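# Fold and contact review
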Amino acid sequence: MEKEFLSWDEIHKGTDKENVAAESTVTPAEETPAAVDPAEKYKDLPVDEDGIRQFITKDMLIGDVIEIYPEAAKALLSVGMHCVTCGVALYESVEEASYVHGLDPDDVIKVVNDMLTTELIEHPGESVTR
């Protein structure tokens, strides 16, 4: 037995697209959230002596860092920490992962926070890593 398929017009027969759109209770302002000033969004983060926001700390798990700030993956990769896709990243802190890779955790934190400050506050929407 062969199944008969309905056309788009047959499925929507009797519906008035213009009336449906007019009855919508969502206004254009509700559809698009207002842009948030990045400097305002991250104003409560501490700032170091160089003016770099402290988005991440040594005790944060790599997996949490990537989940909260996906942009951080590029910075971690750039310093040689390829653990961003590793299953151990869910259980290993930035400090532990730094030592495993022979890196100074303070240097890693500085690079990641500098990149996040640049990408999320100073030049949002632009990629600053190569």
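Below, the structure is looked at part by part. The structure displayed is predicted, hence computed values, not measured ones.

### Description of the overall build of the chain
Looking only at helices and strands, the chain has eight helices and zero strands in total. Scanning the chain from its N terminus toward the C terminus, one meets helices and strands in the order α-α-α-α-α-α-α-α. For the chain, buried positions account for 28% of its 130 residues.

### Things to note about the side chain of S98
By the secondary structure assignment, S98 is in helix α7 (residues 94-100). Among the residues examined, S98 registers a relative accessible area of 0% and is labelled buried. With sequence-adjacent residues up to four places away left out, S98 is seen in contact with M81, L103, D104, P105 and V108.

### A short note on the nonpolar core
Among the nonpolar cores identified, the biggest contains 24 residues, and F55, I56, I62, Y69, V112 and L116 are the most heavily contacted of them. Of all elements in the fold, only α5 (62-68), α6 (72-78), α7 and α8 (105-122) reach the threshold of two or more residues within this core. When near neighbours in sequence (up to four residues on either side) are disregarded, I62 contacts L76, M81, C83, V84, A89, E92, S93, V94 and A97.

### Quick look at the side chain of T118
Mapping T118 onto the fold places it in helix α8. Within polar-contact distance, the side chain of T118 engages the backbone oxygen of D114 at 3.0 Å.

### Thoughts on the environment of C83
Inspection of the secondary structure puts C83 in the loop between α6 and α7. For the pair C83 and S98, spaced 15 residues apart in sequence, the C-alpha separation works out to 9.9 Å.

### A closer look at the packing of aromatic side chains
Two aromatic rings, taken as a pair, are described by how far apart their centres are and by the angle between their planes. Following the criterion strictly, the structure yields two aromatic pairs and no others. With centroids separated by 5.1 Å and ring planes inclined at 70°, the aromatic side chains of Y42 and F55 adopt a geometry described as edge-to-face. In this pair, Y42 is assigned in the loop between α4 (38-41) and α5 and F55 in the loop between α4 and α5, connecting sequence segments 13 residues apart. Using a relative accessible area of 13% as the deciding quantity, one classes Y42 as buried.

### Some details on the pattern of salt bridges
The final tally for this structure, using the stated rule, is five salt bridges. The closest approach of N and O atoms between D50 and K110, which form a salt bridge, is 2.3 Å. A residue pair is termed long-range when its members are at least 10 positions apart, and D50 in the loop between α4 and α5 and K110 in helix α8 qualify at 60 residues. Taking relative accessible area as the criterion, K110 reaches 30% and is therefore assigned partly exposed. K74 serves as the salt-bridge partner of E119, at 3.2 Å between the closest nitrogen and oxygen. One end of the pair, E119, is in helix α8; the other, K74, is in helix α6, and 45 residues separate them in sequence. Take E119: its relative accessible area is 5%, and that puts it in the buried class. Owing to a relative accessible area of 32%, K74 belongs among the partly exposed residues under this scheme.

How each quantity is defined
- Residues numbered from 1 in each chain as written.
- Predicted model: local features only at pLDDT ≥ 70, side-chain atom pairs only at ≥ 80, totals over all residues.
- Heavy atoms only, no water.
- Helix = DSSP H or I, 4+ residues; strand = E, 2+ residues; numbered from the N terminus.
- Buried < 20%, exposed > 50% of the residue type's maximum accessible area, 1.4 Å probe, protein only.
- Contact = heavy atoms within 4.5 Å.
- Core = buried A, V, L, I, M, F, W, Y, C linked by side-chain atoms within 4.5 Å.
- Polar contact = N/O pair within 3.5 Å; in protein donor to acceptor, adjacent residues only side chain to side chain.
- Phe/Tyr/Trp six-rings, centres within 6.5 Å; stacked < 30°, edge-to-face > 60°.
- Salt bridge = Lys/Arg side-chain N within 4 Å of Asp/Glu carboxyl O.

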